[in-house]
Amino acid sequence: MSDDLDAGARRPTLAPDGPQASSPVTCLSLARPDDWHVHLRDGAMLAAVVADTARRFARAIVMPNLDPPVRTVGQALAYRARILKALPAGARFEPLMTLYLTEAMRPEEIVRAKAAGVVHAVKYYPAGATTHAALGVRDLRPCYPVLAAMERLDLPLLLHGEVTDPAVDVFDREAVFLERHLLPLMRAFPGLRMVLEHITTRAAVEFVSAGPDTLAATITAHHLLLDRNALFVGGLRPHHYCLPLLKRAEHRGALVAAATRGHPRFFLGTDSAPHPRHAKESPCGCAGIYTAHAALELYAEVFEGAHALDRLEGFASQYGPDFYRLPRNQDRVTLIKEPWQVPPTIAAGADVLVPLRAGEAVAWRLAD
Ligand code: NCD
Ligand code: ZN
Ligand code: ZN
């Protein structure tokens with residue numbers, strides 16, 4: 001069977017009580033998951049969102065694209081302390097910190113990062129590619145000494161994998177990045193472990209599947225649930241705007257197949273990216289979708305739709321820690337098949353944010 005047919009056959013119907021569900025699962029217990037890609041922001045927004053992540057996940061890779069970005073170990077330690085302080089009383093949650101790669105970063109920072117123990121990766125943003133990426137990398141060459149230090153000390157590189165070349169169509173920017181930047185990077189640093197973040201295309205699925213054990217990918221809930229039509233249903237939908245953009249239905253099918261097939265180099269990363277409502281509902285709106293309020297529950301919908309609920313635990317709770325060489329979590333969480341209504345907005349200081357599925361139902365609920 002060709003890859004195409006296989007992916008087509010696995011495309012989820014999202015019909016939870018379809019004819020195949022002879023004895024539908026209504027309760028699911030799994031090892032507590034981790035989120036391998038989240039934006040927790042800072043200040044009032046951090047205070048508003050961190051509990052959603054901490055309720056579901058034991059740990060999360062916290063993205064460093066603050067304004068200004070987290071570029072030193074000292075800044076990462078201070079940010080980590082602010083996150084811990086913002087947690088609700090009694091919450092047990094470990095933020096896994098990252099540094100924001102710039103052309104000015106020195107290899108000594110990598111040595112310090114490794115020694116500090118709380119920095120788990122360095123994040124590469126192509127300059128201008130996404131939210132707060134103005135200080136990102138224009139040219140990777142000046143970063144080679146830093147990348148060599150990361151390879152030597154085994155600190156993973158996380159990639160926002162899109163070219164910024166205005167001549168490349170925005171829907172093609174991930175696919176072009178693979179050949180133009182990722183392949184040369186892998187050749188130059190064969191021992192460097194890399195995570196291609198928030199993948200959105202069949203090309204990325206195939207590239208990572210065919211790649212070495214040093215290459216993994218995270219997949220968001222929204223790219224598993226939505227295709228690009230969701231940007232225009234009944235009008236322009238700014239709350240479905242994220243980067244990389246949602247793609248065609250066939251790409252969503254390939255992502256669902258990759259996530260649900262039990263492949264250890266595809267794992268959960270929500271890319272939950274809150275923005276105040278006014279920054280999204282604007283003539284020049286920000287990219288980012290907030291999913292932390294229902295993250296695991298939304299993934300459960302996808303896995304159920306693909307008749308693969310038995311593979312959710314690997315994707316959500318096992319392959320990520322294995323890749324990052326961290327222990328798997330020992331405690332467990334329970335999901336119950338019981339629909340609940342997402343609120344239309346979530347308060348964030350003086351602002352509000354609009355979560356995914358605002359005012360609509362989510363099929364699974366996390367037990368307390
Ligand atoms: C992210 C953000 O808002 O920080 N936005 C997004 O659309 N994914 C940045 C990112 O992950 O690229
Ligand atoms: Zn990104
Ligand atoms: Zn992100």
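Criteria and cut-off values
Residues numbered from 1 in each chain as written. Chains lettered and ligands numbered in written order. Predicted model: local features only at pLDDT ≥ 70, side-chain atom pairs only at ≥ 80, totals over all residues. Heavy atoms only, no water. Core = buried A, V, L, I, M, F, W, Y, C linked by side-chain atoms within 4.5 Å. Buried < 20%, exposed > 50% of the residue type's maximum accessible area, 1.4 Å probe, protein only. Helix = DSSP H or I, 4+ residues; strand = E, 2+ residues; numbered from the N terminus. Contact = heavy atoms within 4.5 Å. Donors = N, O, S within 2.8 Å, 3.2 Å for Na, K, Ca; no water. Salt bridge = Lys/Arg side-chain N within 4 Å of Asp/Glu carboxyl O.

1. Some points on the nonpolar core
So, step 1. Of all hydrophobic cores here, the largest spans 103 residues; its most connected members are Leu40, Leu101, Leu147, Leu157, Leu182 and Leu196.
So, step 2. When residues in this core are grouped by element, the largest group, seven residues, is from helix α11 (residues 295-305).
So, step 3. When neighbours within four sequence positions are excluded, Leu157 is seen to be in contact with Leu101, Val122, Tyr124, Leu147, Met150, Leu185, Leu192, Arg193, Met194 and Val195.
So, step 4. Counting residues in each nonpolar core, the second largest holds 15 residues, with Ala121, Ala133, Leu158 and Phe323 among its members.

2. Description of the coordination of the zinc ion (ligand 2)
So, step 1. The protein atoms donating to the zinc ion (ligand 2) are His160 (ND1) and His198 (NE2), with metal-donor distances spanning 2.1 Å.
So, step 2. Here the zinc ion (ligand 2) and the zinc ion (ligand 3) are spaced 3.8 Å apart. A residue pair is termed long-range when its members are at least 10 positions apart, and His160 in the loop between β6 (157-159) and α6 (173-188) and His198 in the loop between β7 (194-196) and α7 (202-210) qualify at 38 residues. As far as the burial class goes, His160 and His198 line up, both buried.

3. Looking at the pattern of salt bridges
So, step 1. As enumerated under the stated definition, the model contains 17 salt bridges in all.
So, step 2. For Asp331, the salt bridge is made with Arg92, and the minimal N-O distance between the two is 4.0 Å. Separated by 239 residues along the polypeptide, Asp331 in the loop between α12 (312-324) and β10 (332-341) and Arg92 in the loop between α3 (73-86) and β4 (94-100) bring together distant segments of the chain.
So, step 3. We classify Asp331 as partly exposed; its relative accessible area is 28%.
So, step 4. We note a salt bridge from Arg357 to Glu301, for which the minimum N-O separation is 2.7 Å. With Arg357 in the loop between β12 (351-353) and β13 (361-366) and Glu301 in helix α11, this residue pair connects regions lying 56 residues apart in the sequence.
So, step 5. Given the relative accessible area of 21%, Arg357 is considered partly exposed.
So, step 6. Residue Glu301 is classed as buried on the basis of its relative accessible area of 10%.

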